[in-house]
Amino acid sequence: MAEFTDEDLDHYLQNQHHTFPVHFAVFRSLHTSFCSPQVDLRHRQVSKSVEEVQKIIRDLTSEVSSKDSRFQSISSSGMYNDSLKDQPALVAKWTTLLRGRCTYSPAIQVLTPTLYLITVPLRGLVGYRERRAQKWRYYTLNGSRLLSPVREPEKLHQWLELECFLNSSQEWHDSHVTIEGDIVPAKLVSIFKEHLEEAIKACNMSNKVTILETLGSVVRLAVDTSEAQIEVELVPAVELINSWPRKAHWPRLLKRWPSMERARCIKSFGFNLLATSNYHWLLSFSRAEQVLLGGADEDGGCRRKSYRIVRQLKEDIWCPGNKPVITAYHLQNLLFWTCEKYPCSKDWRSLRESVLRLTRKLFKCVSQRYLRHYFVRSYNLLKYTNTNELDDVASKISVFLNNPGAYIH
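Residues numbered from 1 in each chain as written. Predicted model: local features only at pLDDT ≥ 70, side-chain atom pairs only at ≥ 80, totals over all residues. Heavy atoms only, no water.

Draft legend 1. Spatial organisation of the pairing of strand β8 (residues 209-212). Both β8 and strand β9 (residues 219-224) contribute to a ladder of 4 bridges, which runs antiparallel. Note that in β9 the partner of Leu212 across the bridge is Arg220. Between the end of β8 and the start of β9, which pair antiparallel, lie 6 residues, with Gly216 showing a positive phi angle near 80°. (Pairing = 2+ DSSP bridges. Helix = DSSP H or I, 4+ residues; strand = E, 2+ residues; numbered from the N terminus.)

So this is what it looks like as structure tokens:
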């Protein structure tokens, strides 16, 4: 079996075609820390595409917002959200944590070089309080009554009622987006899609942007850039600051990573609810994940670098393609779990051992078809994944683990 060193891993990382399927803010910081300027052509291409796509979507969402104030421009996402204007301390904290890492909109996630997820922040829903009382729903998407209840949400999903908010603007009290007091994602997305179609014409972007056919309540666009055609998924999002869902039992007792102080800080940034399905809203912890990943190596370890190498191996060898069965999001959750299990900096001094540790953990999860969500640990991120594709990835990782040096060299 061919041996390899930390220097071999550095050389491997610097001489591959880089892909960055993470929050673009974190993507920028990772590149600044680890990439060789002589070999970053792929990075420059992705960076240029992100800039172009960001400008196009910003213009389109600004136009949509001018017609319907419930939808905001993507430039109002995250720390730029209107709901944070009266919380300067929280904005200052966020700015400090992500200083130098947030050049681009936090709404953008680069899943692959040609597939982006962009959240569109919603306005007019203030003072969120999670409801405890259970309520059964007996309606279809058009408001017709049913004899049996609609399926309850799974562990990473929930209903969203107007009563959850202490204050909601009058526009939300509209039968076009609500049924029996519930804000229904499919109805909201339908309205957003109509506004988007009009915005594409109003902004004279029909030659650059095409709305793709989709199943369910998802808005997919094909955006032509100077580098490539990018597929963009646009998802309306309720950004909930200073709130944390009961389903997310985190941080866990007696765990030393992250520190309790960091965990409290992360939870203050709250979470998002994404309109990704017909009835239910998807819990998203993008701000928490951004801070966790961005500050993973404050003690001087090599966690992020190990993650980046494993991600590159996945892109190059185990699971290539624009719609891979294992994504950067899976690897990110894998990294968080591993950091929690190995909280000390001494466990992350050897890049070689750290990479092999993450790879073995990935092999175990893929083989068992089970990877827990880091914040909602009862949810299996691989529950609906194609088992044949997972078996194929497991086989490739197994071959790699038998002789990793052959691939690194």
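Draft legend 2. Quick look at the packing of helix α8 (residues 303-318) against helix α11 (residues 387-402). Two numbers describe how α8 lies on α11: the axes approach to 11 Å, and their chain directions differ by 110°. In this view, α8 runs roughly perpendicular relative to α11, as classed from their interaxial angle. Between α8 and α11, the contacting residues are Leu313, Ile317 and Trp318 on the first element and Val393, Lys396, Ile397 and Phe400 on the second. When grouped by side-chain class, the residues that make up the contact of α8 with α11 number 6 nonpolar, no polar and 1 charged. (Axes fitted to C-alpha atoms, helices over the stretch in contact; angles between N-to-C directions. Parallel < 35°, antiparallel > 145°, perpendicular 65-115°, else oblique. Contact = heavy atoms within 4.5 Å. Nonpolar A, V, L, I, M, F, W, Y, C, P; charged D, E, K, R; others polar.)

Draft legend 3. Expanded view of the side chain of Ser306. Among the secondary structure elements, Ser306 is positioned in helix α8. Given a relative accessible area of 0%, Ser306 falls into the buried group. At a separation of 2.7 Å, a polar atom in the side chain of Ser306 contacts the main-chain carbonyl oxygen of Cys302. Ignoring sequence-local partners within four residues, the contact set of Ser306 consists of Trp348, Leu351, Ser354, Val355 and Leu358. (Buried < 20%, exposed > 50% of the residue type's maximum accessible area, 1.4 Å probe, protein only. Polar contact = N/O pair within 3.5 Å; in protein donor to acceptor, adjacent residues only side chain to side chain.)

Draft legend 4. Focus on the layout of surface pockets. There is about 1500 Å³ of room inside the largest pocket. Along the wall of the largest pocket there are 49 residues; nearest its centre are Leu111, Leu117, Glu233, Leu282 and Tyr329. Estimates place the volume of the second largest pocket at around 430 Å³. In terms of lining, the second largest pocket is formed by 17 residues, of which the most central are Trp337, Lys341, Lys361, Lys364 and Arg372. The set of elements that each furnish at least two residues to the lining of the second largest pocket consists of α9 (328-341) and α10 (351-368). Ranked by the residues each element gives to the lining of the second largest pocket, the list is headed by α10, at 6 residues. In the lining of the second largest pocket, the residues fall into 5 nonpolar, 2 polar and 10 charged. (1 Å grid on protein atoms, 1.4 Å probe; cavity = no way out; pocket = protein on both sides within 12 Å on 5 of 7 lines; lining within 4 Å. Points joined across faces, edges and corners; volume = space filled by probe spheres on them.)

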